[in-house]
Amino acid sequence: GTPYVTDDFTSGSFEVYSGRYANAEYMNFNIYEERLEYRSGDQTYGVDLANIRQFKLSVDGTERLFKRGYDSRRLDGDEFVEVVAEGPLTFLIKHEVNFNENASSGYGSATKQASYSKNERYYFKEGDKVSNVRRLKERRVMRYFEGSNAIESFIDQNNLDMSNPRDVAKAVAKFNELNM
């Protein structure tokens, strides 16, 4: 794996706290280093996150939004999270990556292989409260929909899997549409 949120550098933009935007043709978020990076020619540059309020990456025709300012258990307000669905109920994904260095399996070999393994943590925000969901399971996710029959029907009709974060995002978006 890679330390980046997407496999390839892609077009994107970021907004600084003054409200100004900047666009980049080749941009990515280095999860391991907690650094926004962009490419120009053969060079990769890091952007100082201290001044960045939010950023967007275009991935497969979809714009993915990353913001900070959410505090919860194991989530610091300075860390960027992906805002997958936003409204009265907000669904967030905290992307993480671990760096592993494994010794080569050859006898007497001194070489090591580096690899990155990715992980995601999930959060729901209702009002001012941000709650961590250890694992996406239907029972845990459905609690946030307050027993809404309309959402249960929507999930069933669209065959959504509440252990899949993209399907959870669709259900949260529909919930927000019904509760605006």
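Note that the structure is predicted; figures quoted are calculated from it, not measured. (Residues numbered from 1 in each chain as written. Predicted model: local features only at pLDDT ≥ 70, side-chain atom pairs only at ≥ 80, totals over all residues. Heavy atoms only, no water.)

Student: So what exactly am I meant to see when it comes to the pattern of salt bridges here?
Tutor: Side chains that differ in charge, positive against negative, can pair when their charged atoms come close. Applying the stated criterion to the full structure yields 11 salt bridges. In this structure, Lys-94 and Glu-34 form a salt bridge, with 3.0 Å as the shortest nitrogen-oxygen distance. Taken together, the residues span a long stretch of sequence, with Lys-94 in strand 8 (residues 89-103) and Glu-34 in the loop between strand 2 (21-30) and strand 3 (35-40) at a distance of 60 residues. Take Glu-34: its relative accessible area is 25%, and that puts it in the partly exposed class. Among the charged side chains, a salt-bridge network with shared partners connects Glu-34, Glu-79 and Lys-94. (Salt bridge = Lys/Arg side-chain N within 4 Å of Asp/Glu carboxyl O. Helix = DSSP H or I, 4+ residues; strand = E, 2+ residues; numbered from the N terminus. Buried < 20%, exposed > 50% of the residue type's maximum accessible area, 1.4 Å probe, protein only.)

Student: Can you help me understand the pairing of strand 3 in this one?
Tutor: In the case of a regular strand, side chains alternate between the two sheet surfaces. With four bridges joining them, strand 2 and strand 3 adopt antiparallel strand pairing. Pairing of Asn-28 across the sheet is with Glu-37, part of strand 3. Taking the residues that link successive antiparallel strands as the turn, the strand 2-strand 3 hairpin has four residues, and the phi of Glu-34 there is positive, at about 50 degrees. Where strand 3 hands over to strand 4 (residues 43-47), the hairpin turn is made up of two residues, of which Gly-41 adopts a positive phi near 65 degrees. (Pairing = 2+ DSSP bridges.)

Student: Looking at this model, I keep getting lost on the nonpolar core. Mind explaining?
Tutor: Generally speaking, soluble globular proteins have nonpolar side chains that are buried together. Membership of the largest hydrophobic core comes to 22 residues, with the highest contact counts inside it found for Phe-91, Phe-124, Phe-145, Ile-155, Val-168 and Val-172. When contributions to this core are tallied by element, the ones reaching two or more residues are strand 8, strand 9 (112-126), helix 1 (138-142), helix 2 (149-157) and helix 3 (165-178). It is helix 3 that provides the largest number of residues to this core, a total of five residues. For Val-172, the contacting residues outside a window of four places in its chain are Ala-85, Leu-89, Phe-91, Phe-124 and Phe-145. Residues Ala-24, Ile-52, Phe-80 and Val-97 belong to the second largest nonpolar core, which totals 16 residues. (Core = buried A, V, L, I, M, F, W, Y, C linked by side-chain atoms within 4.5 Å. Contact = heavy atoms within 4.5 Å.)

Student: Looking at this structure, how should I read unusual backbone geometry?
Tutor: Leave glycine aside and you will find that most residues have negative phi; peptide bonds, for their part, are mostly trans. Here the phi dihedral of Glu-34 falls at roughly 50 degrees; this positive angle occurs in a residue that is not glycine. One non-glycine residue, Arg-74, lies in the positive phi region at around 65 degrees. Tracing the sequence through the fold places Arg-74 in the loop between strand 6 (62-67) and strand 7 (81-85). Of the residues examined, Arg-74 reaches a relative accessible area of 52% and is grouped as exposed.

Student: What am I meant to see in the side chain of Thr-6 here?
Tutor: Positionally, Thr-6 belongs in the segment before strand 1 (10-16). Ignoring anything within four residues of it in the chain, the contact list for Thr-6 reads Asn-28, Leu-57, Val-59 and Arg-64.

Student: What am I meant to see in the environment of Arg-134 here?
Tutor: Mapped onto the elements of the fold, Arg-134 is located in the loop between strand 10 (129-133) and helix 1. On the basis of relative accessible area, Arg-134 is assigned to the exposed category, the value being 59%. Considering only alpha carbons, one finds Arg-134 and Glu-120, 14 residues apart in sequence, at a separation of 9.9 Å.

Interpretation in functional terms is not warranted from these geometric data alone.
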